[in-house]
Amino acid sequence: MGRPHPPRDVPAEQHFACTLCGQCCHGWLPLTLEETLVHAGRFPLAIVWTPVPQGARAFELTAQLGTSLQLPNGKRAAISIMPIVYIPRSMACPALLDNRCAIQDSKPLRCRAMPFYAYRREDDQGDGLIPRKGWACDTSEQAPLVYRDRRILDREGFDAERAALIAQAPELRAYAETTLKLHPTLLGRLQAVMQKPSGDGLVVGFSSFIRRHRSYDRIDFARRQHPVLMAFAERTAQDRQLATYRDYYREAASELEWLARQEG
């Protein structure tokens, strides 16, 4: 669930087993478009746009799963357009109960694929198998061998997530093209994101996607998502460090109210 490590040297063979420490079940969680509709009544949703400069290792795959464009500075960038569960990195997933997932029947593909990450190339997965500080993943030789010579051995979760990302790419690409035409200043904002050392993307309301797709039941989506956003706005109301999240929840809820009125 967590973001991958920065690149570092990794051994030729790597072992991994989950110990149910629950540490990866915090913060942003990428979902597929299909999963956003399934979980609209459970998770606060957003879309994050993340530019990747041309020449970067992830450029080609990011362009395949998202889109690519030329920025105002003349440079080309691939853009990841990722639906996410938008919660603070200090906050546990709402579906985590006693360090176990409470939604096994509808568990997101991102969680099923852990510790592998389908937004990254297969030969660039090794550093994700190295536990972060505070994580209790078992990477001893007693754990299953899962990665050898930069190839994934247990492929089911990774392949399922990658297939879903490829299948939804045309829909996200069309959304991106329409949004960029309607909001040309977005290009400059993406360029500014590229200059930040944090690597965080540009977070926008999920309603920006819903309002442009007539095939989705927008009233039903708003009915289920609005109370979730309001509940998280209340949960983050007293913590100044979470003001960015609180403001997002409130604004996104207001956008859904407006969208529902337009539909009505």
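Residues numbered from 1 in each chain as written. Predicted model: local features only at pLDDT ≥ 70, side-chain atom pairs only at ≥ 80, totals over all residues. Heavy atoms only, no water.

Novice: Any details on the overall build of the chain? Residues and values, ideally.
Specialist: When helices and strands are tallied, the chain shows 8 helices and 10 strands. In terms of principal-axis extent, the alpha carbons of the chain reach across some 60 × 45 × 35 Å. For the chain, buried positions account for 47% of its 264 residues. For the chain, the proportion of contacts with a sequence separation of at least 24, taken over those separated by at least 6, is 79%. Of the side chains in the chain, 35 bear a positive and 30 a negative charge, and the two mean positions are spaced by 6 Å. (Helix = DSSP H or I, 4+ residues; strand = E, 2+ residues; numbered from the N terminus. Buried < 20%, exposed > 50% of the residue type's maximum accessible area, 1.4 Å probe, protein only. Contact = heavy atoms within 4.5 Å. Lys, Arg positive; Asp, Glu negative; His and termini not counted. Charge placed at Lys NZ, Arg CZ, Asp CG, Glu CD.)

Novice: How would you explain the packing of aromatic side chains if you had to name every residue and give the values?
Specialist: Scanning the entire structure with this criterion turns up 14 aromatic pairs. Ring centres of Trp-28 and Tyr-86 lie 5.7 Å apart, and the angle between their planes is 55°; on these two criteria the pair is classed as tilted. Taken together, the positions of Trp-28 in the loop between β1 (13-15) and β2 (29-30) and Tyr-86 in the loop between β5 (76-85) and β6 (96-97) put the pair 58 residues apart, joining distant regions of the chain. Like Trp-28, the residue Tyr-86 is buried in the burial classification. Taken together, a centroid distance of 5.5 Å and an interplanar angle of 70° make the contact between Tyr-175 and Phe-209 edge-to-face. Within this pair, whereas Tyr-175 is found in helix α4 (residues 156-182), its partner Phe-209 is found in helix α6 (residues 207-210), the two being separated by 34 residues in sequence. (Phe/Tyr/Trp six-rings, centres within 6.5 Å; stacked < 30°, edge-to-face > 60°.)

Novice: Describe the sheet that holds strand β9 (residues 151-152), listing the residues and the values that go with them.
Specialist: Pairing in this open sheet of 3 strands is antiparallel, and the strands run β1-β8-β9 from one edge to the other. Of all the strands in the sheet, the pair left with one neighbour each is β1 and β9. The sheet contact formed by β1 and strand β8 (residues 145-148) spans 3 bridges and is antiparallel. Bridge pairing in β8 links His-15 to Leu-145. (Pairing = 2+ DSSP bridges.)

Novice: Which residues make up the pattern of salt bridges, and what values do they have?
Specialist: Inspection of every chain in the model, using the stated rule, returns 12 salt bridges. Across the pair Glu-122 and Arg-151 runs a salt bridge whose closest N-O atoms are separated by 3.2 Å. Residue Glu-122 is found in the loop between α3 (109-113) and β8, and its partner Arg-151 is found in strand β9; the two are separated by 29 residues along the sequence. A residue is classified by how much of its surface remains accessible, and Glu-122, at 11% relative accessible area, is buried. A relative accessible area of 47% places Arg-151 in the partly exposed class. A salt bridge links Glu-122 to Arg-155; the nearest nitrogen and oxygen atoms lie 2.5 Å apart. Pair noted here: Glu-122 is in the loop between α3 and β8 and Arg-155 is in the loop between β9 and α4, with a separation of 33 residues, a long-range link. What emerges from the salt-bridge pattern is a single network uniting Arg-57, Arg-120, Asp-124 and Asp-127. (Salt bridge = Lys/Arg side-chain N within 4 Å of Asp/Glu carboxyl O.)

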